[in-house]
Amino acid sequence: MKKLLISVAAFFTMVFCFGVSVEAAPVKMADGQLFDAQYYAQNNPDVVAAFGTDVNWLYLHYTVCGKTEGRLPYDPSYGSGSSSGGFNAAYYAARYPDVAAVFGNDPTLLKMHYDLCGKAEGRFPNAEAELATMPGPMPVYIVSISSEEQQVLDLVNAERAKYGLAPLAWDSSNLGPGAALRAQEISVYFSHTRPDGSSCFTAITNPGIVGENIAAGQRSAQEVMNSWMNSPGHRANILDARFTRLGVGYLYSPSSHYKFYWVQMFSS
């Protein structure tokens, strides 16, 4: 993969902002994406081990690999604090690129836009507020196992079989509904933290030893499994011998940014 990245580096160096210092807050890259190199490095040591801490190399990895692997480009809690009254600047900038194009990612300016214009325009201040307007599950939100979810389950067990691991059983009463709910939530707020700020594992009951994989943008079960198996952290969950049960959530939301959303929830 590093050879692939090197082969396209010349192209990307013409696109990315160079000389960006590592900051504790996301900065807007040349293509408009918010990115926090420090956060990305701290949360992806496998990437740092291969590519170092250079901002441009880290961002190159995110755009080529990290995004499809479900890695986060910056701390999703950035810009959310109690002083802002529940306003989440990172969410607002990502959700409304027309606003970010004018005001950048400055939390004060974004909050000012929301107060003066956004609220009257029906824009949402945070993911939780947007999710609350959804009238229950979306039409494509399937609680019972769908063909896509069944395919993911089958592919997971095929991978586990390669390593002599026991297959995972489908959990229709706990992990399945929890994963389906999480698929809806990540279509609005892509994070292992739920829109209300709680852990993703509050979506299930009696969790025991648990794990969660999330991804967005992959158009098929095979494609998302390829992404997860090529990511050390996601792969570790799939091949964890302690897990015995699985729930899979799949959501197709054509009006959203990534359109396709996938969740795996594991339990012992």
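Position labels on residues start from 1 in each chain and follow its written sequence. Local features are withheld for residues below a pLDDT of 70 in this predicted model, meaning they are given only at 70 or higher, and side-chain atom pairs are given and counted only at 80 or more; totals for whole chains, interfaces and linings count all residues. To get the side-chain values, take all heavy atoms of the structure and skip hydrogens and water.

## With respect to the sheet that holds strand β5 (residues 245–252)
Then, in step 1: Two strands pair under a simple rule: DSSP has to find at least two bridges between them. A helix here means a DSSP run of H or I that spans at least four residues, while a strand means a run of E at least two residues long, and both kinds are numbered starting from the N terminus. The strand order β3-β5-β6-β4 describes an open sheet built from four strands, whose pairing is mixed. Among the strands making up the open sheet, the edge pair consists of β3 (169–170) and β4 (210–216).
Then, in step 2: Bridge count between β4 and strand β6 (residues 260–267): seven bridges; the pairing is antiparallel. The partner of E212 across the bridge, within β6, is M265.
Then, in step 3: Here a residue-residue contact requires only that any non-hydrogen atoms of the pair lie within 4.5 Å. In this analysis an axis means a line fitted to C-alpha atoms, helices contributing only their contacting stretch, and an angle means the value between N-to-C directions, from 0 to 180 degrees. Its contacts with the sheet place helix α11 (residues 221–229) against β4 and β6, and it is angled at close to 60° to β6.

## Focus on the side chain of N213
Then, in step 1: As for its placement among the helices and strands, N213 is situated in strand β4.
Then, in step 2: Counted as a polar contact is a pair of N or O atoms within 3.5 Å, where, for protein atoms, one must be capable of donating a hydrogen and the other of accepting one, and residues adjacent in sequence contribute only when both atoms are in side chains. Within polar-contact distance, the side chain of N213 engages the side chain of N237 at 2.9 Å.
Then, in step 3: Every residue in contact with N213, bar those within four places of it in the chain, is listed here: W228, H234, N237, I238, W262, V263, Q264 and F266.

## Some words on the nonpolar core
Then, in step 1: Working definition of a nonpolar core: buried Ala, Val, Leu, Ile, Met, Phe, Trp, Tyr and Cys residues. They are joined through side-chain atoms within 4.5 Å. Three labels apply to residues, based on accessible area from a 1.4 Å probe with only protein chains included: buried if under 20% of the type maximum, exposed if over 50%, partly exposed otherwise in between. By size, the foremost hydrophobic cluster in this structure holds 20 residues, and its most contacted members are V152, V156, M225, W228, I238, L246 and W262.
Then, in step 2: It is α11 that contributes the most residues to this core, five residues altogether.
Then, in step 3: Excluding residues that lie within four positions of it along the chain, L246 makes contacts with L153, V156, L168, A169, W170, D171, L175, Q264, M265 and F266.

## Observations regarding the confidence of the model for the protein chain
Then, in step 1: For the protein chain, mean pLDDT is 77; residues scoring 70 or higher make up 79% of the total.
Then, in step 2: This model gives residues 2–24 a pLDDT under 50, and the stretch forms 36 contacts once residues within four places in sequence are excluded.
Then, in step 3: Known as pLDDT, the predictor's confidence for each residue is given on a scale from 0 to 100. Considering only residues more than four positions removed or in separate chains, one finds that residues 79–85, a stretch of pLDDT under 50, has eight contacts.

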